[in-house]
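What follows is each chain in one-letter form.
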Amino acid sequence: MALQDMLKWLPAELLRIWHDHRIPILFSAIAFAAFVRLTIHARSCREKLSTSPLPGSPVEKKVELRPEWLPENTTLNPSVLNTDDHAEDDAGAIAAVKAKKGPKTVKGRKTPKKAAIQAPAFDHKTDKIQPLVFFQSLSGTTERYAAQIAKVLTEWTTGCDQSSSFLEPQLHDISYIEYDDFFITPPKADANVKYFYIILLPTYNIDTVLDNFLENLQETHNDFRIDTAPLRSLLGYSVFGFGDKEGWPTEEEGFCSQAREVDKWMARLTGRKRAYPLGMGDVKVETEERLQEWRLGVQEALIEIAEGRGLGEGVVGSGDPAESDEEDSEEDNGQNTRVDEIEELGGMVDSTSATPIPVDFTTYKSKSKPLIKSSAAPKEMVPTSSPTHAALTKQGYSIIGSHSGVKICRWTKSALRGRGSCYKYSFYGIASHLCMEATPSLSCSNKCVFCWRHGTNPVGTTWRWITDAPDLIFDGITAAHYKKIKMMKGVPGVRAERFAEAMRIRHCALSLVGEPIFYPHINELLNIMHSNRISTFLVCNAQHPAQLASLVPVTQLYVSIDASNKESLRKIDRPLHRDFWERFCACLDILRNRRFEQRTVFRLTLVKGFNMAEEVRGYADLVERALPGFVEVKGVTYCGTSAAGSAGLTMQNVPFYEEVAEFVTELEKELNSRGLTYGIGAEHAHSCCVLLADRTRFMRDGRWATRIDFERFFDLHEGKVQGTRKENGEVVGWRPEDYVGDETPEWALWGNGGFDPRDQRVYRKGKGPKTDADEVASQQSTKPKSELLEF
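The name given to the protein in an unreviewed UniProt entry is tRNA 4-demethylwyosine synthase (AdoMet-dependent), with Paraphoma chrysanthemicola as the source organism. Under the Pathway (unreviewed entry) heading, UniProt states for the protein: "tRNA modification; wybutosine-tRNA(Phe) biosynthesis." Under Cofactor (unreviewed entry), UniProt gives the following word-for-word description of the protein: "[4Fe-4S] cluster".

Student: Lay out the sheet that holds strand 14 (residues 599-606) in plain terms, naming residues and giving numbers.
Tutor: Reading across from one edge, 8-9-10-11-12-13-14-15-17-16 is the order of the ten strands in this open sheet, with mixed pairing throughout. The open sheet terminates on both sides in strands that have one partner only, identified here as strand 8 (398-400) and strand 16 (678-684). With strand direction ignored, the average angle separating the axes of adjacent strands in the sheet is 25°. By the bridge criterion, five bridges tie strand 15 (residues 630-635) to strand 17 (residues 689-694) in an arrangement that is antiparallel. Residue pairing in the sheet places Val631 in a bridge with Leu692 of strand 17.

Student: Residue-level account of the pairing of strand 21 (residues 730-733), with values.
Tutor: Both strand 20 (residues 725-727) and strand 21 contribute to a ladder of three bridges, which runs antiparallel. What sits directly across from Glu727, in strand 21, is Glu730. Remark: two residues form the turn of the hairpin made by strand 20 and strand 21, two consecutive strands paired antiparallel; Asn728 in that turn has positive phi of roughly 55°.

Student: Residue-level account of the environment of Lys151, with values.
Tutor: With respect to the secondary-structure elements, Lys151 resides in helix 2 (residues 141-159). Taking C-alpha positions, Lys151 is 8.1 Å from Pro169, a pair spaced 18 residues apart along the chain.

Student: Break down a nonpolar patch on the surface for me, with residues and values.
Tutor: A surface patch of nonpolar side chains, about 380 Å² in accessible area, is lined by Leu15, Trp18, Ile25 and Leu26. Relative to the helices and strands, Leu26 is located in helix 1 (residues 2-50). The class for Leu26 is partly exposed, based on a relative accessible area of 46%.

Student: Give me the environment of Leu604: which residues, what numbers.
Tutor: With respect to the element layout, Leu604 can be found in strand 14. Separated by 27 residues in sequence, Leu604 and Val631 have C-alpha atoms that sit 7.3 Å apart. Beyond its immediate chain neighbours, meaning those up to four positions away, Leu604 contacts Ile561, Tyr619, Val631, Glu632, Val633, Lys634, Phe663 and Leu667.

Student: Quick one: what's the story with helix 14 (residues 566-573), residue by residue and with numbers?
Tutor: When helix 14 is considered as a whole, its buried residues turn out to be Ser568, Leu569, Ile572 and Asp573. When helix 14 is viewed along its axis, its buried side chains cluster within an angular range of 100° and face the same direction. Buried positions along helix 14 lie against helix 15 (580-593).

Student: Describe unusual backbone geometry, listing the residues and the values that go with them.
Tutor: Although it is not a glycine, Cys256 adopts a positive phi angle of roughly 55°. The topology assignment puts Cys256 in the loop between strand 6 (236-243) and helix 5 (257-270). Of note, the phi angle at Cys688 is positive, near 55°, even though the residue is not glycine. Here Cys688 shows up in the loop between strand 16 and strand 17.

Student: A description of the environment of Pro492 should follow, citing residues and the corresponding values.
Tutor: As for its position among the elements, Pro492 is in the loop between helix 10 (470-486) and helix 11 (496-502). Note: C-alpha distance between Pro492 and Arg417 (75 residues apart in sequence) is 8.1 Å.

Student: Please set out the pattern of salt bridges residue by residue, giving values where relevant.
Tutor: Summed over all chains, the structure comprises 30 salt bridges. Ionic pairing is found between Lys608 and Glu659, a salt bridge with its closest N-O pair at 2.7 Å. Of the two residues, Lys608 sits in the loop between strand 14 and helix 16 (616-626) while Glu659 sits in helix 18 (residues 657-673), which places them 51 residues apart along the sequence. On the basis of relative accessible area, Lys608 is assigned to the partly exposed category, the value being 30%.

Student: Give me the lowdown on the confidence of the model for the protein, citing residues and values where you can.
Tutor: Per-residue confidence for the protein gives a mean pLDDT of 77, with 74% of residues at or over 70. Note that pLDDT drops below 50 for residues 770-791; the model gives that stretch 56 contacts with residues more than four away or on any other chain.

Student: Give me the lowdown on the sheet that holds strand 5 (residues 193-201), citing residues and values where you can.
Tutor: Strand order across the open sheet formed by five strands is 4-3-5-6-7, with parallel pairing between neighbours. Of all strands in the sheet, those bounded by a partner on one side alone are strand 4 (170-173) and strand 7 (279-282). Geometrically, the sheet is characterised by an average inter-axis angle of 20° between neighbouring strands, direction not taken into account. Pairing between strand 6 and strand 7: four bridges, direction parallel. Paired with Gly241 across the bridge in strand 7 is Met280.

Conventions we followed
- Residues numbered from 1 in each chain as written.
- Predicted model: local features only at pLDDT ≥ 70, side-chain atom pairs only at ≥ 80, totals over all residues.
- Heavy atoms only, no water.
- UniProt positions renumbered as here; feature names shortened; annotations may be inferred.
- Pairing = 2+ DSSP bridges.
- Helix = DSSP H or I, 4+ residues; strand = E, 2+ residues; numbered from the N terminus.
- Axes fitted to C-alpha atoms, helices over the stretch in contact; angles between N-to-C directions.
- Patch = residues over 30% accessible without salt bridge, like charges linked within 9 Å, V, L, I, M, F, W, Y side chains within 5 Å.
- Areas by Shrake-Rupley, 256 points an atom, 1.4 Å probe, with all protein chains shown as cover.
- Salt bridge = Lys/Arg side-chain N within 4 Å of Asp/Glu carboxyl O.
- Buried < 20%, exposed > 50% of the residue type's maximum accessible area, 1.4 Å probe, protein only.
- Contact = heavy atoms within 4.5 Å.
- Arc of directions from axis to C-beta.
- pLDDT = per-residue confidence, 0-100.

Structure (structure tokens):
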């Protein structure tokens with residue numbers, strides 16, 4: 001009975017205890033559960049840490065993913081290679097990724113929408129204001145206005161009451177600056193120097209440096225590693241744009257569209273420090289008046305800053321977010337209207353109107369095409385109405401389709417008249433009158449200081465244009481080349497037999513301008529040329545490793561080596577890719593692994609004052625890394641334009657042939673000291689060019705054999721003869737040694753000048769030797785720089 005009574009009593013007692021103590025019981029249960037959860041979490045964290053290197057470990061692990069078909073040691077990530085359609089590579093194309101701590105995030109706070117912009121940290125008693133005037137211009141109109149603004153500001157700052165607060169304005173061309181030096185953080189200078197940006201921009205409908213500049217501003221703002229407003233330390237900024245209201249009456253239709261974009265992104269990057277509203281001027285009407293009004297407003301803003309009043313308290317133009325909510329929107333509508341170039345349209349100004357603006361281009365055809373196109377549709381790289389098209393056509397280029405070009409060079413004309421061929425004939429046996437110079441892409445991803453276009457050709461890092469078919473390009477460039485050859489038939493001195501030979505193209509140098517390997521269907525174009533038994537020399541700038549890895553074998557593959565180290569390459573090539581050095585090194589590794597599939601060449605362009613002094617060892621390091629079959633060392637060509645001077649290149653940067661020869665001699669010694677079997681094989685003094693070659697591969701019986709057997713190359717390519725390249729004892733293909741041609745002729749060897757004695761040397765008036773003895777001596781002596789330029 002006692003047990004039964006207890007069973008009856010127990011539930012009632014438990015219920016009473018629950019009612020009396022339920023709160024402490026619940027808290028205890030929750031605490032216990034939390035303790036168990038935290039314990040499990042702590043243990044899982046410790047387990048993860050135990051499997052990774054210590055944060056301070058100096059060991060760096062190289063991660064390298066490589067497809068089976070790719071040769072060993074190629075530093076490429078195959079996941080980004082697209083060998084079918086040869087698509088553009090992205091930054092992820094580079095492997096050789098080193099395991100390290102994650103990128104440091106520089107955190108900043110977002111400016112509240114309703115908060116007024118406070119005055120910058122400027123002490124008007126001790127600090128100085130440094131105005132920086134930025135501009136971008138293809139042909140000089142915007143540059144002229146920018147120089148005028150800088151001059152007026154210089155005179156004004158020296159004469160105003162606050163002159164002690166101002167430094168002399170500096171002028172910068174956006175085409176020739178490093179964005180990281182100005183648009184990620186302000187320039188580094190004295191702590192008491194504060195910067196104010198003044199930006200003048202035209203509007204274009206073609207891809208120029210201005211597009212890359214806009215892309216850089218956007219990337220900087222959206223880069224998670226960088227503060228969203230890294231330029232907030234600026235005192236302020238203001239932008240002025242040049243547009244054309246006749247073609248585009250409203251801003252929505254494209255009037256000053258690119259200036260408006262820059263103004264928007266600068267507002268975000270500076271934390272809304274717009275010192276004066278965006279100025280816009282119609283190039284056909286009242287440009288001077290609008291520019292002057294805007295300049296006076298900017299000067300007033302500078303006075304307020306100099307007096308310690310900052311950007312004001314919410315007045316118009318102060319940069320207060322209440323002025324416009326555009327900078328607050330993180331979502332863009334994706335509208336990127338296409339507009340025709342309007343910088344150089346002064347030729348259309350009515351003669352009865354005010355004083356016309358001096359201009360350079362007059363090829364505007366706004367009525368022939370729609371003014372607006374959706375950004376979703378690709379656009380033409382070089383529209384027929386663009387200034388680039390007009391400039392290239394004027395210079396002798398034929399534009400094929402929308403992105404390809406062809407031109408006959410000075411050496412083709414020279415060879416037709418029996419006056420000598422270029423270095424390709426001395427080194428490899430290619431007569432210049434049989435050679436076509438072309439490119440399937442006028443766009444490039446570098447802005448080299450020695451480029452003949454000096455920023456006027458399109459630029460970009462990804463292919464985003466209308467793409468022409470390879471057969472259309474081939475038919476177009478060959479037809480245009482023959483047309484240009486036919487135009488030479490009436491030129492005095494043209495030899496009939498060479499003119500007849502020139503009507504059958506035997507060779508194509510894909511090195512005219514731009515980046516040929518950038519074209520998405522480059523392999524198909526190369527196959528068409530080879531099927532027509534046209535040999536190919538392709539030159540790339542070592543910035544597209546994915547394309548290089550999937551490239552079909554060409555007759556000879558060039559990689560431009562313009563510097564021996566990262567800093568020097570950045571200064572001379574001014575690449576658009578941020579990971580340019582990693583891309584460069586990956587291309588060298590690819591070249592090394594493909595050196596037994598095709599003839600490989602390093603092209604060194606020597607620029608005095610940029611990449612010559614004490615860089616022999618650095619170049620030797622690169623040669624040792626890639627082991628090319630040949631190394632061509634050439635002095636830079638100076639084309640004598642003002643744009644070259646603004647890029648920092650003058651005639652003083654062109655080395656004498658004597659200096660090039662000395663550099664090559666030192667490079668040969670350095671390579672031999674490392675056990676590399678390179679020797680000086682040939683020269684072409686008139687092109688200021690010297691050839692280094694691998695003795696073990698391109699010498700026969702102690703004599704240089706650098707020339708090419710082109711017919712055998714085509715037979716190998718078509719499978720008519722078997723090659724000697726083997727893997728695991730089986731023949732799997734052909735090697736460059738399989739189509740080595742005749743011995744290098746005596747006149748082309750080192751020390752003999754490199755001019756074919758069967759041709760007639762023609763000198764400029766007063767430049768030639770007086771006797772036969774002088775002729776021989778002149779080929780081995782230093783020539784005037786004007787004699788050494790290759791055009």
